[in-house]
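Fold and contact review
Here's the letter readout for the chains.
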Amino acid sequence: MDKLELREKEPHETVREYAYRVLYQNIMTLKLPPGTAMSEQELSGILKVSRTPVREAFIRLAQSGLLEVLPQRGTFVSKIHTEQLAEFRFFRVTLERGIMELACQEFLDPWKTKLEFCIFEQGKFIEASDAESFFKSDNTLHSLLYEGCGMPHIWRIVQNSNLDYVRARVLNVSDTDEQMKILYEQHKGIVSAVFDKNVKAAQDIMTEHINKVMGDVAVLKKEYPEYFG
């Protein structure tokens, strides 16, 4: 677990919440990649907490599908399941085409300004080859599209509904700078279409944007076969 990224405990955060947050964020950013063996004793020592909050974090992570407990073998970070990715792609395409239609009808100026800033900072992240910051800004851009349509709670449901999809996107963005550039151009096209109130263009680019993950997964499975199940 050499790549485990430790974070400061936040004010008013319990030890239980801290242990869960650190492990969750490390799994989702692939600092703890699929297949990693997880040890309560080792992690309690690294996090400087007792084994109880780590054990409770393991239970929560297993319930969300991010950890797998194998009898007689141990606990491991779950593999990325491609069957679930295909199912979630359908859900995401259907939902976000609807969001594009709403955004093209009415999108408030404060969120337009925030979208423009997202595009600006993504260009900077590409220049710096900062894949992690680019991915965070990517998520921000999508969340702003939902918020600008008055649908912030639906975005939270989307984010929590298929964590394998999120991990596949992180792996894809982290793979090469070229991937970030492709996504960046798609983001610019989406924002431009929304500003122009061009529903068809916005929906078409968004569909291509989401479908890209599934096409890239086939390549990623060959490059990182140990990450997929």
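The preceding data block contains the structure.
Reference entry: report on the structure contained in this document. (Residues numbered from 1 in each chain as written. Predicted model: local features only at pLDDT ≥ 70, side-chain atom pairs only at ≥ 80, totals over all residues. Heavy atoms only, no water.)

Quick notes on empty space enclosed by the protein
- On inspection of all chains with the given rule, the structure shows one cavity of 30 Å³ or more.
- Counted as a void, the largest cavity has a volume near 100 Å³.
- Around the largest cavity, the lining residues are Arg 92, His 142, Tyr 165, Arg 169, Asn 172, Val 173, Leu 183, His 209, Ile 210, Lys 212, Val 213 and Asp 216.
- Secondary-structure elements contributing two or more residues to the lining of the largest cavity are helix H8 (163-175) and helix H10 (199-223).
- Sorting elements by how many residues they give to the lining of the largest cavity places H10 first, with five residues.
- Its residues placed into classes, the lining of the largest cavity shows five nonpolar, three polar and four charged. (1 Å grid on protein atoms, 1.4 Å probe; cavity = no way out; pocket = protein on both sides within 12 Å on 5 of 7 lines; lining within 4 Å. Points joined across faces, edges and corners; volume = space filled by probe spheres on them. Helix = DSSP H or I, 4+ residues; strand = E, 2+ residues; numbered from the N terminus. Nonpolar A, V, L, I, M, F, W, Y, C, P; charged D, E, K, R; others polar.)

As for unusual backbone geometry
- The backbone of His 12 shows a phi angle near 70 degrees, a positive value even though the residue is not glycine.
- A relative accessible area of 83% means that His 12 is categorised as exposed.
- Positive phi is not limited to glycine here, since Lys 48 has a value of about 60 degrees.
- For Lys 48, the location among the structural elements is in the loop between helix H2 (40-47) and helix H3 (51-63). (Buried < 20%, exposed > 50% of the residue type's maximum accessible area, 1.4 Å probe, protein only.)

Thoughts on the sheet that holds strand E1 (residues 37-38)
- Spatially, E1-E3-E2 is the arrangement adopted by the three strands of the open sheet, whose pairing is antiparallel. Here the strands that pair on one side only, and so sit at the sheet edges, are E1 and strand E2 (67-70). (Pairing = 2+ DSSP bridges.)

Some points on the layout of surface pockets
- Looking at the largest pocket, its volume works out to about 680 Å³.
- Considering each element in turn, the lining of the largest pocket owes the most residues, seven residues, to H8.
- Broken down by class, the residue content of the lining of the largest pocket amounts to 13 nonpolar, five polar and six charged.

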